[in-house]
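Summary of structural features
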Amino acid sequence: MKFLNDYPKEIKLFLLASLISAVGSSLMWPLVSMYVFDELGRSMKDAGFIILIQSLGGIFGQLLGGSLYHKLGVNRLIVGALSLTALSLFSIPAVSGHWALMVGAMGLFGLFNGLSMPAIQAFIGFRFPRRRAELFNTIYVANNIGVAIGTALSGFLADVSYLASFALNGVTTAAFAAFFFFYLRRIGPGSAEPEAPADEPRPQTKPRTASTWTLMGNTRLYLYMSLGSLFLLVGNSIWNTGVSPFIISEGWPKRAYGLLWTLNGVLIFVAQPLVSLIKRLCASTSTAQMTASAVFYLSGYVVILTIPTYPGLLLAMVLATLGEMLISPAMPAFISERADQGAPFYLGLSGGIGAVGRVLGPLFMGSLYDEGGLAPTAWLACGIAVLSVGFFALHAWVNREQRGSRRVAAGSERTSG
């Protein structure tokens, strides 16, 4: 990752806004299960159910957001989605005493938040095409500096007020919406279109995106990668619906859970040289990085299964974080480099398919924890992670002949005037 001085001012502003938004987001998402289990006094199955509803909203939001990118335009889609996300967060404290309304508010939060995710990723890929892979990683690091700050506060805020976390998340999301409103007005409507490479003529007319069915037909671009992500997210639910109630049941302070995610955020910043070394030695391509990521996640789940102590959880978080650092920039970079004008659609589609894991994971993990504690959830995470390794390896294999090419025919048809 290059020093910030190498970036123009607009990128630095974007990084700062992303960091502030990440601080607020990280205050809420690690605490949802704890809030339902501890504050509301409900079972982990109920906690899994409310995360299921939130995740379902996120799936529909990502699918819809990818499809609406070119129809609504980047300005209306991103600013509108972020504004609605903030409103849904502000509504949670008001309805927290009514379970049905709480479930509805979490579902709306998932929907609106999902709308913005593929739009922001596509915007980055289109706005900065020559540095997109590097910038995806830099923004990912900046976001996780915010995560480190937010999670350092999350456990302490939980001891004071869970609802304060929701409200503060709403404030930072509203601030992010305001940033995009003024930022996109300043750079103009052309920001949503890709810059032509130096050796390619710029098209005279706006590219035409192919039909949805044509885009979906190119399965090797997204399907196996998305299934690998789905299984990865099923296993990763162990942190919310396995580890968090385990910490409470053991009588450890709630801040012990927040400190795990603080470690996650700090590692994402300080372990960049280690991840760069891993990429140079054995994961030089984005497809190899996805496979290596699943191996690290699997290793972390094995540690949870075999060393169910707090030091073991710390080691597991280190391994899972290395996996996260490998996959998070790799997936959007792979799609943005190869999908051309179809990138927003594929970002939404792959994100939506992967997010099914967020639906299934808490439901399965919550039920298993209620019946047998941490051990059965760890067994499930390990088994699911093996499937994830297999699908990412398959994705790498079917795309192996395209390593010398930067794009596949993802369904973008160029027209000339």
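- Naming follows an unreviewed UniProt entry, where the protein appears as MFS transporter of Paenibacillus spiritus.
- Comment text from UniProt for the protein, heading Subcellular location (unreviewed entry), reads "Cell membrane".

1. Here we look at the overall build of the protein
- Scanning the protein from terminus to terminus reveals 16 helices and 2 strands.
- When burial is assessed residue by residue, the protein has 56% of its 417 residues classed as buried.
- At a minimum sequence separation of 6, the contacts of the protein that also span at least 24 residues come to 85%.

2. A closer look at the packing of aromatic side chains
- Following the criterion strictly, the structure yields 10 aromatic pairs and no others.
- Ring geometry for Phe179 versus Phe180: centroids 5.6 Å apart, planes at 70°, classification edge-to-face. Across the pair, Phe180 and Phe179 agree in class, each one buried.
- Ring geometry for Trp252 against Tyr310: centres 5.7 Å apart, planes inclined by 80°, an arrangement best described as edge-to-face. Of this pair, Trp252 sits in the loop between α10 (238-249) and α11 (255-270) while Tyr310 sits in helix α14 (residues 310-338); the two residues are 58 residues apart in sequence, bridging distant segments of the chain.
- Sitting over the face of the ring of Trp99, Arg42 holds its NZ or CZ atom 4.2 Å from the ring centroid.

3. Overview of the environment of Met44
- For Met44, the position within the fold is in helix α3 (residues 44-72).
- The residues contacting Met44, other than those within four sequence positions of it, are Ser33, Phe37, Asn240, Thr241, Pro245, Gly366, Tyr369 and Asp370.

4. Details of a nonpolar patch on the surface
- A contiguous nonpolar surface patch, about 420 Å² in accessible area, is contributed by Leu84, Leu87, Phe90, Leu168 and Val171.
- Secondary-structure elements contributing two or more residues to the nonpolar patch are α4 (74-95) and α7 (162-187).
- Examining the composition of the nonpolar patch, we find that 3 residues originate from one element, α4, more than from any other.
- With respect to the helices and strands, Leu87 occurs in helix α4.
- The class of Leu87 is exposed, set by a relative accessible area of 55%.

5. Things to note about the pattern of salt bridges
- With the rule as written, the count across this model stands at 1 salt bridge.
- Between Arg42 and Asp46 there is a salt bridge whose closest N-O contact spans 3.4 Å.
- Relative accessible area serves as the criterion here: at 31%, Arg42 is assigned to the partly exposed category.
- Taking relative accessible area as the criterion, Asp46 reaches 22% and is therefore assigned partly exposed.

6. Quick notes on the packing of α10 against α14
- Running from N to C, α10 and α14 point in directions that differ by 160°, and their axes come no closer than 13 Å. The pairing of α10 with α14 is recorded here as roughly antiparallel in orientation. Note on packing geometry: the crossing formed by α10 with α14 is left-handed. Residues Trp239, Val243, Phe246 and Ile247 of α10 touch α14, and the partners they reach there are Leu313, Ala316, Met317 and Ala320.
- Across the contact of α10 with α14, the residue classes tally to 8 nonpolar, no polar and no charged.

7. A closer look at helix α12 (residues 272-282)
- Residues of α12 that are buried include every one of Gln272, Val275 and Ile278, and no others. Buried positions in α12, seen along its axis, are confined to an arc of 120° and lie on one side of it. What points out from α12, more than 90 degrees from its buried face, is the exposed set Pro273, Arg280 and Leu281.

8. A short note on the nonpolar core
- Membership of the largest hydrophobic core comes to 110 residues, with the highest contact counts inside it found for Phe123, Phe180, Trp239, Val243, Leu260 and Ile304.
- Counting residues per element, this core draws most heavily on α14, at 15 residues.
- Residues from two domains meet in this core; each of domain 1 (11-187) and domain 2 (218-400) gives at least three.
- Sequence-distant contacts of Trp239, that is, excluding residues within four places in its chain, are made with Ser244, Tyr257, Leu260, Trp261, Tyr301, Ile304, Leu313, Ala316, Met317 and Ala320.

9. Considering helix α15 (residues 343-372)
- Compared with the 44 Å implied by 1.5 Å per residue over 30 residues, the 43 Å span of α15 between its first and last C-alpha is a close match.
- Two residues or fewer past α15, Gly373 is found with a positive phi of approximately 85°.

10. A word on the side chain of Thr241
- Within the element layout of this structure, Thr241 appears in helix α10.
- Reaching out from Thr241, the side chain makes a polar contact with the backbone oxygen of Ser237 at a distance of 2.8 Å.
- Excluding residues that lie within four positions of it along the chain, Thr241 makes contacts with Ser33, Met44, Gly48, Ile51, Gly361, Pro362, Met365, Gly366 and Tyr369.

11. Looking at the environment of Cys382
- Note that Cys382 resides in helix α16 (residues 374-398).
- Among the residues examined, Cys382 registers a relative accessible area of 9% and is labelled buried.
- Residues Cys382 and Val303 lie 79 residues apart in sequence; the distance between their C-alpha atoms is 9.8 Å.
- Each residue touching Cys382, except ones within four places of it in the same chain, is listed here: Leu298, Tyr301, Val302 and Leu305.

12. Some words on the packing of helix α13 (residues 286-306) against α14
- Relative to each other, α13 and α14 sit at 160°, their axes nearing to 8 Å. Classed by the angle they form, the pair α13 and α14 counts as roughly antiparallel. In this structure, α13 meets α14 at a crossing whose hand is left-handed.
- The residue makeup of the contact of α13 with α14, split by class, is 17 nonpolar, 8 polar and 1 charged.

Thresholds applied
- Residues numbered from 1 in each chain as written.
- Predicted model: local features only at pLDDT ≥ 70, side-chain atom pairs only at ≥ 80, totals over all residues.
- Heavy atoms only, no water.
- UniProt positions renumbered as here; feature names shortened; annotations may be inferred.
- Helix = DSSP H or I, 4+ residues; strand = E, 2+ residues; numbered from the N terminus.
- Buried < 20%, exposed > 50% of the residue type's maximum accessible area, 1.4 Å probe, protein only.
- Contact = heavy atoms within 4.5 Å.
- Phe/Tyr/Trp six-rings, centres within 6.5 Å; stacked < 30°, edge-to-face > 60°.
- Lys NZ or Arg CZ within 6 Å of the ring centre and 35° of its normal.
- Patch = residues over 30% accessible without salt bridge, like charges linked within 9 Å, V, L, I, M, F, W, Y side chains within 5 Å.
- Areas by Shrake-Rupley, 256 points an atom, 1.4 Å probe, with all protein chains shown as cover.
- Salt bridge = Lys/Arg side-chain N within 4 Å of Asp/Glu carboxyl O.
- Axes fitted to C-alpha atoms, helices over the stretch in contact; angles between N-to-C directions.
- Parallel < 35°, antiparallel > 145°, perpendicular 65-115°, else oblique.
- Left-handed = near helix turned anticlockwise from the far one by under 90°.
- Nonpolar A, V, L, I, M, F, W, Y, C, P; charged D, E, K, R; others polar.
- Arc of directions from axis to C-beta.
- Core = buried A, V, L, I, M, F, W, Y, C linked by side-chain atoms within 4.5 Å.
- Domains from an automatic or database assignment.
- Expected span 1.5 Å × (residues − 1).
- Polar contact = N/O pair within 3.5 Å; in protein donor to acceptor, adjacent residues only side chain to side chain.

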